[in-house]
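# Geometric and topological summary
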Amino acid sequence: MLIDSHAHLDDERFDKDRDTLIKSLKENGIDLVINPGSDVLSSIKSVSLSEQYENIYAAVGVHPHSAKEMDESTIEVLKSFTGREKVVAIGEIGLDYYYDNSPRDIQRQRFKEQLDLAKEVDLPAIIHSRDAAQETFDILKEAQDGSLKGVLHCYSGSVEMALEYIRLGFYISLGGPVTFKNAKMPKEVAKAVPLDRLLVETDSPYLTPEPNRGKRNEPIYVRYVAGTIAEIREIPFEEVATKTSENAKRLFRIK
Ligand code: NI
């Protein structure tokens, strides 16, 4: 069984078949899914999905794209959900200097505030980082007081930086891009990262892995991510499935 450590099943692209899809995950080898929020509304939707389905767990947080929409009350709203049993992380939060949908100083400020929240409520953080590798690392390093945990979601950076994150106490999650033929770095990372620090994910409905590129992504396609990692590491598929599931359960404290 696999865990999809990052999927947006609250996305409107699942409106037509969400219930069927979630109910058919088990028979398709998916034990459970972590569904992060990207703004307040999707965080609320994530929480309600987690309360409706036993195989969905939620994270609450505001994505850097929406950082500019946050105000003084947002942290309190997010915090109010963290006591729920199936809210297992703060996320997804971070920096996105590729799209720059929010001004960079605001992205940094809101990222730091949400890391403080993660520490305050003792939950791991799900980190989004795009074209902002060094600054993401610097902020996490500064925030790390020994209690901060988390995962670099859909990691696309170098092996060296991945190992730095691991030393800092973080996990590395790989998604669809590891299956892309020309994706050199994720493949190198898949080989180099210690297996006890690796998670797998889909980021559904985005980033669909081979051989389904172009279609809507779904949690069951996480098998292609795990399969590619198994090939690269020359180990059995089952070993990747077991280890990455154990890692996700350890990080998100799921029994
Ligand atoms: Ni995402």
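Residues numbered from 1 in each chain as written. Predicted model: local features only at pLDDT ≥ 70, side-chain atom pairs only at ≥ 80, totals over all residues. Heavy atoms only, no water.

### Details of the coordination of the nickel ion
Six octahedrally arranged donors around a metal ideally form angles of 90 or 180 degrees; four tetrahedrally arranged donors ideally form angles of 109.5 degrees. Listed as protein donors to the nickel ion are H6 (NE2), H8 (NE2), E92 (OE) and D203 (OD); their distances from the metal cover 2.1 to 2.3 Å. Classification of the site at the nickel ion as irregular follows from its four donor atoms and the range of 86 to 174° in their angles at the metal. Sequence positions of the donors to the nickel ion reduce to the motif H-x1-H-x83-E-x110-D. Per residue, the accessibility class of H6 equals that of H8, and both read buried. (Donors = N, O, S within 2.8 Å, 3.2 Å for Na, K, Ca; no water. Tetrahedral: all angles 85-135°; square planar, octahedral: opposite > 155°, others 65-115°. Buried < 20%, exposed > 50% of the residue type's maximum accessible area, 1.4 Å probe, protein only.)

### Considering the nonpolar core
With 66 residues, the main nonpolar core has L9, L115, L140, Y165 and I172 as its most contacted residues. In terms of residues, this core owes the most to one element, helix α8 (residues 222–233), which gives six residues. When near neighbours in sequence (up to four residues on either side) are disregarded, L115 contacts I93, A125, I127, I139, L140, A143 and L148. Counting residues in each nonpolar core, the second largest holds 15 residues, with I34, V88, I126 and V151 among its members. (Core = buried A, V, L, I, M, F, W, Y, C linked by side-chain atoms within 4.5 Å. Helix = DSSP H or I, 4+ residues; strand = E, 2+ residues; numbered from the N terminus. Contact = heavy atoms within 4.5 Å.)

### Here we look at the packing of helix α7 (residues 184–192) against α8
One way to put it is that α7 packs onto α8 with a least axis distance of 9 Å and a crossing angle of 65°. Considering their axes alone, α7 and α8 lie roughly perpendicular with respect to each other. Every pair of crossing elements has a handedness; the one defined by α7 and α8 is right-handed. Seen from α7, the contacting residues are K187, A190 and K191; seen from α8, they are T228, I229, I232 and R233. (Axes fitted to C-alpha atoms, helices over the stretch in contact; angles between N-to-C directions. Parallel < 35°, antiparallel > 145°, perpendicular 65-115°, else oblique. Left-handed = near helix turned anticlockwise from the far one by under 90°.)

### Quick look at α7
Every α-helical turn comprises 3.6 residues, leaving residues that sit three or four positions apart pointing alike. Taken together, the buried positions of α7 are P186, V189 and A190. An end-on view of α7 places all buried positions within 105° of arc, on one side of the element. Summarising the geometry of α7, the exposed residues directed more than 90 degrees from the buried face are K184 and K191. On its buried face, α7 is in contact with α6 (159–167), β7 (170–174), β8 (198–200) and α8. (Arc of directions from axis to C-beta.)

### Description of the pattern of salt bridges
Within this structure, the stated rule accounts for 18 salt bridges. Residues D17 and R216 are paired through a salt bridge, measuring 2.8 Å at the closest nitrogen-oxygen approach. With D17 in the loop between β1 (2–4) and α1 (18–23) and R216 in the loop between β8 and α8, this residue pair connects regions lying 199 residues apart in the sequence. Residue class for D17 comes out partly exposed when judged on its relative accessible area of 26%. What makes R216 partly exposed here is its relative accessible area of 23%. For E120, the salt bridge goes to K79, with nearest N and O atoms at 2.6 Å. (Salt bridge = Lys/Arg side-chain N within 4 Å of Asp/Glu carboxyl O.)

### Side note on α8
The terminal C-alpha atoms of α8, which comprises twelve residues, lie 17 Å apart, in line with the 16 Å expected from a rise of 1.5 Å per residue. In this structure, the buried residues of α8 make contact with β1, β2 (30–35), β7, α7, β8 and α9 (237–252). Residue E234 follows α8 closely and has a positive phi angle near 55°. (Expected span 1.5 Å × (residues − 1).)

### Details of the packing of aromatic side chains
Under the criterion given, the structure shown has five aromatic pairs. Ring geometry for F137 versus Y165: centroids 5.3 Å apart, planes at 70°, classification edge-to-face. Here the residue F137 occupies a position in helix α5 (residues 133–143), and Y165 occupies one in helix α6, the gap between them amounting to 28 residues. According to the relative accessible area criterion, F137 is buried, its value standing at 8%. In this structure Y165 comes out as buried when scored by relative accessible area, which is 2%. (Phe/Tyr/Trp six-rings, centres within 6.5 Å; stacked < 30°, edge-to-face > 60°.)

### Looking at the sheet that holds β1
Strands pair in a sheet through their backbones, by hydrogen bonds, and they do so in one of two ways: parallel or antiparallel. Across the sheet, eight strands lie side by side as β1-β2-β3-β4-β5-β6-β7-β8; this open sheet has parallel pairing. Looking at the sheet topology across the chains shown, the edges are occupied by β1 and β8. Within the sheet, the average angular offset between the axes of one strand and its neighbour, ignoring direction, is 30°. As paired strands, β7 and β8 are joined by three bridges and run parallel to one another. Opposite S173, over in β8, you have L199 as the bridge partner. The strands touched by α5 are β4 (87–96), β5 (125–130), β6 (150–152) and β7; relative to β5, the strand with the most contacts, the crossing angle is about 150°. (Pairing = 2+ DSSP bridges.)

### Focus on the side chain of N212
Tracing the backbone through its elements, the reader meets N212 in the loop between β8 and α8. The contact partners of N212, leaving out residues within four places of it in the chain, are Y221 and Y224.

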